[in-house]
Amino acid sequence: VPRVITSADSVHYMAVADSFAHGRFLSVDPLIPIFYGLLASPLVHLGISAEAACRTVSLVSSTLLIAPVYALARDLFGRRSARVAALTCALWPWLADYASQVALEALAVTLWFTAVWTLGRSIRRGGWWIVGSVLAFFALHLTRAEGIVLLLAAPVAALVLTEPGE
């Protein structure tokens, strides 16, 4: 089966990557989220096609998703559940499909789980974990506009991530 671009928006994400790679920062459409293209732009600058660069970002993002899923499940339910969650994540067909597409979803889901995991860590341990959570939520917003809605839902996540009496 020949490769195809499955989303009309994919062309815009590749254009952002190409614009950033060639220093045309002001030519980027302000309605298109920039973080995905920004991550792909160094590969485009090296001579890789914008499509291949964006697919690489999706593949790496989808692969990295396993880490925050494992960490969040371990913190909430223990190591055995974390292994099951990570294995499910690694084998889930939807995630494998998005790993091969020019689409924001793989990056957005990875940032979302990273933000929630680091938020939970900051609640339990304090320290600099909150900075990671803020950065992940901000990167999520720069990846998908609804990232700001997920940030606003962080207090609900905080209630779920805390133990009664904490």
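Quick summary incoming for the structure in this document. (Residues numbered from 1 in each chain as written. Predicted model: local features only at pLDDT ≥ 70, side-chain atom pairs only at ≥ 80, totals over all residues. Heavy atoms only, no water.)

Attention now goes to the overall build of the chain. Per the secondary structure count, the chain includes ten helices and zero strands. Along the chain, from the amino end to the carboxyl end, the secondary structure elements read α-α-α-α-α-α-α-α-α-α. Relative to the globule expectation of 15 Å for 166 residues, the C-alpha radius of gyration of the chain, 17 Å, shows essentially globular dimensions. Among the 166 residues that make up the chain, the fraction classed as buried is 40%. Residue pairs in contact within the chain that sit at least 24 positions apart in sequence constitute 58% of those at least 6 positions apart. When the accessible surface of the chain is summed, it comes to about 9500 Å², and 70% of that surface belongs to carbon and sulfur atoms. The average position of the 11 basic charges and that of the 10 acidic charges among the side chains of the chain differ by 12 Å. (Helix = DSSP H or I, 4+ residues; strand = E, 2+ residues; numbered from the N terminus. Rg over C-alpha atoms; globule rule 2.2 N^0.38 Å. Buried < 20%, exposed > 50% of the residue type's maximum accessible area, 1.4 Å probe, protein only. Contact = heavy atoms within 4.5 Å. Areas by Shrake-Rupley, 256 points an atom, 1.4 Å probe, with all protein chains shown as cover. Lys, Arg positive; Asp, Glu negative; His and termini not counted. Charge placed at Lys NZ, Arg CZ, Asp CG, Glu CD.)

So, on to the nonpolar core. In this structure, Tyr13, Tyr36, Ala40, Val44, Cys54, Val102 and Leu111 are the most contacted members of the largest nonpolar core, which totals 34 residues. Counting only elements with at least two residues in this core, the list comes to α1 (10–21), α2 (35–45), α3 (50–64), α4 (66–77), α7 (105–125), α8 (129–143) and α10 (154–161). (Core = buried A, V, L, I, M, F, W, Y, C linked by side-chain atoms within 4.5 Å.)

Their axes nearest at 4 Å, the elements α3 and α4 cross at an angle of 15°. Overall, the two elements α3 and α4 adopt an arrangement that is roughly parallel. In contact with Ser62, Thr63 and Leu64 of α3, α4 contributes Ile66, Ala67 and Pro68. For the contact of α3 with α4, the residue count by class is four nonpolar, two polar and no charged. (Axes fitted to C-alpha atoms, helices over the stretch in contact; angles between N-to-C directions. Parallel < 35°, antiparallel > 145°, perpendicular 65-115°, else oblique. Nonpolar A, V, L, I, M, F, W, Y, C, P; charged D, E, K, R; others polar.)

Further remarks concern helix α5 (residues 79–91). It helps to recall that an α-helix has 3.6 residues per turn; residues three or four apart then point in one direction. Along its 13 residues, α5 runs 18 Å from first to last C-alpha, staying within 8% of the 18 Å computed at 1.5 Å per residue. For α5, the set of buried residues is Ala82, Ala86 and Cys89. Taken down its axis, α5 places every buried residue within 60° of arc, on the same side. Across α5 from its buried face, at more than 90 degrees, point the exposed residues Arg80, Val84, Leu87 and Leu91. Elements in contact with the buried residues of α5: α4 and α6 (93–98). (Expected span 1.5 Å × (residues − 1). Arc of directions from axis to C-beta.)

What follows is about the packing of aromatic side chains. Under the defined criterion, the tally for this structure stands at five aromatic pairs. With a centroid separation of 5.9 Å and an interplanar angle of 75°, the aromatic rings of Tyr13 and Tyr36 are classed as edge-to-face. One end of the pair, Tyr13, is in helix α1; the other, Tyr36, is in helix α2, and 23 residues separate them in sequence. Across the pair, Tyr36 and Tyr13 agree in class, each one buried. Ring centres of Trp117 and Trp129 lie 5.2 Å apart, and the angle between their planes is 75°; on these two criteria the pair is classed as edge-to-face. With Trp117 in helix α7 and Trp129 in helix α8, this pair connects stretches of sequence that are twelve residues apart. Above the face of the Trp129 ring, Arg121 is positioned so that its terminal group lies 5.2 Å from the ring centre. (Phe/Tyr/Trp six-rings, centres within 6.5 Å; stacked < 30°, edge-to-face > 60°. Lys NZ or Arg CZ within 6 Å of the ring centre and 35° of its normal.)

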